[in-house]
Amino acid sequence: KMAQDEDTDALGSTKMTPERITKILDSDKRMYYRTKELNDKLYIHFQGFRKLQNLQEFTGLRTLYAECNAFEEIEGIEKCTALRSLFVQQNCIRRISGLENALDLWSINLSENFIEKIENLSHLRRLNSLTIAKNRVGWKGLGDYLHLKDTCIATLDIQDNAISDPEVLPEVLCKMQ
């Protein structure tokens, strides 16, 4: 029987280890700095990662491209306080959370996940753009997206969800800033 690679997790996914991140940084020396805190962009998309982790040294990160992995939650970005854009579409995220310290977040893409409720965004006073298409928002009614009226979002893509209540227009969208 072949020994399992140390960076490989269950079901063929890859662990987001510090060594694996260093490998990504080393893969393009023109794009990345070896000193993690100097990097303002990080591409970790299409890696098969199951858990978003080991990013605490990326304190200068402004854009994180983390789409097409297997993340079940937004986590591990507490120290990424300069984050302005977060791309976590096409993952397995069930709930919007983990953004408490991302106060400069301007844009977030959560499309094609398993999110049922829009929540935990009102503290992000700079959030301008939310893309949350192709999720499960609206299955439980108006309460799933009522939180939108407490946000500063100017650009919203909410297509292909389960929003069918006509009250979405007067009770939510018309009350947004």
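Since the model is a prediction, treat every value here as computed from it, not as a measurement.

Description of the overall build of the protein
Item 1. The helix and strand tally for the protein stands at 2 helices and 6 strands.
Item 2. In sequence order, the protein lays out its α and β elements as α-β-β-β-β-β-β-α.
Item 3. Its C-alpha radius of gyration of 17 Å places the protein within 12% of the 16 Å reference for a compact globule of 177 residues.
Item 4. Over its C-alpha atoms, taken along the principal directions, the protein stretches across nearly 55 × 40 × 20 Å.
Item 5. Relative to its full complement of 177 residues, the protein shows a buried share of 45%.
Item 6. For the protein, restricting intrachain contacts to residue pairs at least 6 apart in sequence, the fraction spanning at least 24 positions comes to 33%.
Item 7. Total accessible area on the protein stands at roughly 9,600 Å², and carbon and sulfur atoms take up 48% of it.
Item 8. Taking the average location of the 24 positive side-chain charges in the protein and that of its 27 negative ones, the two points are 2 Å from each other.

A short note on helix H1 (residues 18-26)
Item 1. Along H1, the positions that sit buried rather than exposed are Arg 20, Ile 21, Thr 22, Ile 24 and Leu 25.
Item 2. The inward-facing, buried residues of H1 contact strand E1 (41-43).

A look at the environment of Ala 102
Item 1. Within the secondary structure, Ala 102 is located in the loop between strand E3 (85-87) and strand E4 (107-109).
Item 2. Classification of Ala 102 by relative accessible area gives buried; the value is 3%.
Item 3. Residues Ala 102 and Asn 120, spaced 18 residues apart in sequence, show a C-alpha to C-alpha distance of 12 Å.

Points about the packing of aromatic side chains
Item 1. A complete count under the given rule lists 2 aromatic pairs for this structure.
Item 2. With a centroid separation of 4.3 Å and 0 degrees between ring planes, the pair formed by Tyr 43 and Tyr 65 is classed as stacked. Of this pair, Tyr 43 sits in strand E1 while Tyr 65 sits in strand E2 (residues 63-65), and the two are 22 residues apart along the sequence.
Item 3. Owing to a relative accessible area of 25%, Tyr 43 belongs among the partly exposed residues under this scheme.
Item 4. Among the residues examined, Tyr 65 registers a relative accessible area of 19% and is labelled buried.
Item 5. On the basis of an interplanar angle of 0 degrees and a centroid distance of 4.9 Å, the ring pair of Tyr 65 and Phe 87 is categorised as stacked. Within this pair, whereas Tyr 65 is found in strand E2, its partner Phe 87 is found in strand E3, the two being separated by 22 residues in sequence.
Item 6. Three or more aromatic residues joined by ring pairs make a cluster, and in this case those are Tyr 43, Tyr 65 and Phe 87.

Criteria and cut-off values
- Residues numbered from 1 in each chain as written.
- Predicted model: local features only at pLDDT ≥ 70, side-chain atom pairs only at ≥ 80, totals over all residues.
- Heavy atoms only, no water.
- Helix = DSSP H or I, 4+ residues; strand = E, 2+ residues; numbered from the N terminus.
- Rg over C-alpha atoms; globule rule 2.2 N^0.38 Å.
- Buried < 20%, exposed > 50% of the residue type's maximum accessible area, 1.4 Å probe, protein only.
- Contact = heavy atoms within 4.5 Å.
- Areas by Shrake-Rupley, 256 points an atom, 1.4 Å probe, with all protein chains shown as cover.
- Lys, Arg positive; Asp, Glu negative; His and termini not counted.
- Charge placed at Lys NZ, Arg CZ, Asp CG, Glu CD.
- Phe/Tyr/Trp six-rings, centres within 6.5 Å; stacked < 30°, edge-to-face > 60°.

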